[in-house]
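# Coordinates in review
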Amino acid sequence: MKFFIDTANLQHIREAQDLGILDGVTTNPSLMAKEGITGHDNILKHYQAICEIADGDVSAEVISTDFEGMVREGEALAALHENIVVKIPMIKDGIKALKHFSSKGIKTNCTLIFNAGQALMAAKAGATYVSPFIGRLDDISFDGMDLIAQIVHIYQNYGIKTQVLAASVRNNLHIVKCAEAGADVITAPLSAITGLLKHPLTDIGLAQFLADHAKGNS
Ligand code: G3P
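Summary of the structure given here. (Residues numbered from 1 in each chain as written. Predicted model: local features only at pLDDT ≥ 70, side-chain atom pairs only at ≥ 80, totals over all residues. Heavy atoms only, no water.)

Another aspect to go through is the site of the ligand. Taken together, Asp-6, Asn-28, Leu-31, Phe-133, Arg-136, Ala-167, Ser-168, Arg-170 and Thr-187 make up all the residues around the ligand. At 2.7 Å from an oxygen atom of the ligand is found a side-chain nitrogen or oxygen belonging to Arg-170. If you map the ligand onto the pockets, it falls in the largest pocket. Classifying every residue of the shell around the ligand by side-chain character gives 3 nonpolar, 3 polar and 3 charged. (Near = heavy atom within 4 Å. Polar contact = N/O pair within 3.5 Å; in protein donor to acceptor, adjacent residues only side chain to side chain. 1 Å grid on protein atoms, 1.4 Å probe; cavity = no way out; pocket = protein on both sides within 12 Å on 5 of 7 lines; lining within 4 Å. Sits in = over half its atoms within 2 Å of the grid points. Nonpolar A, V, L, I, M, F, W, Y, C, P; charged D, E, K, R; others polar.)

Set out below in structure tokens:
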């Protein structure tokens, strides 16, 4: 399972990259705004900065909601760096845009997926990734993890190449459950990724090992 970081925070991206486990980055307009990145040129520069730090695919989202606008924006984003993946919302014109980019060999990530039918449509249109949102489904009392398992199952039935990129991942348990369900990729904030490292018995055990070593060498 690939690990992407879901942020526009350059320090967090650097930290995950330095760990040596980072496979890519996802962003969205809300994450860019959270870092105070506004204005067309600044946003493009920020994507370039992210591509310079991180190895692997970097999802950059279009703002347009019409086919022509998405194509224009997506082509400009794709021209920024070879690792850019054009992120397209799950709407009718988005399907046309996914088809357009897939026929040109430009990678895409279809975002805001909340049911299996949407995931099937995005795959039919040739999306490289689909992003089902786990946390936001959990928020409204639907089990987001059921959706991940359902999409994985459907894609396996037909040998569909579109990768299931589990998004809106909020904690380390979500990551473990995604691995059980067979997601191809998770994208998560740094806190959820580093949360995987933690166990109190690890801390207690290490403290004991170091204390015993110190006793034996004093
Ligand atoms: O990857 C999508 C993600 O950024 C949304 O997360 O926590 O706002 O639902 P969240």
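Phi at Leu-112 is positive, roughly 65°, even though this residue is not glycine. Residue position: Leu-112 is located in strand β5 (residues 108-113). On the accessibility criterion, Leu-112 (35% relative accessible area) is partly exposed. Although it is not a glycine, Ser-141 sits at a positive phi angle of roughly 70°. Inspection of the secondary structure puts Ser-141 in the loop between α7 (134-139) and α8 (144-158). (Helix = DSSP H or I, 4+ residues; strand = E, 2+ residues; numbered from the N terminus. Buried < 20%, exposed > 50% of the residue type's maximum accessible area, 1.4 Å probe, protein only.)

Take helix α5 (residues 92-103) next. Residues spaced three or four apart along an α-helix point in a common direction, a consequence of the helix completing one turn every 3.6 residues. The end-to-end C-alpha separation of α5 is 17 Å, in line with the 16 Å expected for 12 residues at 1.5 Å each. Of the residues making up α5, those classed as buried are Asp-93, Gly-94, Ile-95, Ala-97, Leu-98 and Phe-101. In this fold, the buried residues of α5 make contact with α4 (67-80), β4 (84-89), β5 and α6 (116-124). Of the residues flanking the end of α5, it is Gly-105, one or two places downstream, whose phi is positive at about 75°. (Expected span 1.5 Å × (residues − 1). Contact = heavy atoms within 4.5 Å.)

Glancing now at helix α9 (residues 172-181). Burial in α9 covers these residues: His-174, Ile-175, Cys-178 and Ala-181. Buried residues of α9, viewed axially, fall in a sector of 125°; they line one side. In this structure, α9 carries Leu-173 and Glu-180 as exposed residues pointing more than 90 degrees from its buried face. Packed against the buried residues of α9 are β1 (2-6), α7, α8, β7 (163-166), β8 (185-188) and α10 (190-195). Regarding α9, its N-cap is Asn-171, as a side-chain oxygen of that residue lies 3.1 Å from the backbone nitrogen of Leu-173 further along. (Arc of directions from axis to C-beta.)

Glancing now at the layout of surface pockets. The computed volume of the largest pocket comes to approximately 380 Å³. What lines the largest pocket is a set of 26 residues, among which Asp-6, Asn-28, Leu-31, Lys-34 and Pro-189 lie closest to the centre. At the level of elements, α2 (29-34), β5 and α10 are the ones that each hand at least two residues to the lining of the largest pocket. A total of 3 residues in the lining of the largest pocket trace back to one element, the largest contributor, which is α2. In this structure, the second largest pocket spans a volume of roughly 220 Å³. His-40, Ile-43, Glu-61, Ile-63 and Glu-73 are, among the 15 residues lining the second largest pocket, the residues nearest its centre. Breaking the lining of the second largest pocket down by element, the ones donating at least two residues are α2, α3 (40-53) and α4. (Points joined across faces, edges and corners; volume = space filled by probe spheres on them.)

Further remarks concern the pattern of salt bridges. According to the stated counting rule, one finds 7 salt bridges in the structure shown. Across the pair Lys-107 and Asp-57 runs a salt bridge whose closest N-O atoms are separated by 3.1 Å. Here Lys-107, found in the loop between α5 and β5, pairs with Asp-57, found in strand β3 (residues 57-61); they are 50 residues apart in sequence, far enough to count as distant. Classification of Lys-107 as partly exposed rests on a relative accessible area of 37%. With relative accessibility at 9%, the residue Asp-57 sits in the buried group. Among the salt bridges present, the one from Glu-75 reaches Lys-104, with a minimum N-O distance of 3.0 Å. Of this pair, Glu-75 sits in helix α4 while Lys-104 is found in the loop between α5 and β5, placing the two residues 29 residues apart along the sequence. A relative accessible area of 28% places Glu-75 in the partly exposed class. (Salt bridge = Lys/Arg side-chain N within 4 Å of Asp/Glu carboxyl O.)

Keep in mind that these numbers describe shape and distance, not what the molecule does.
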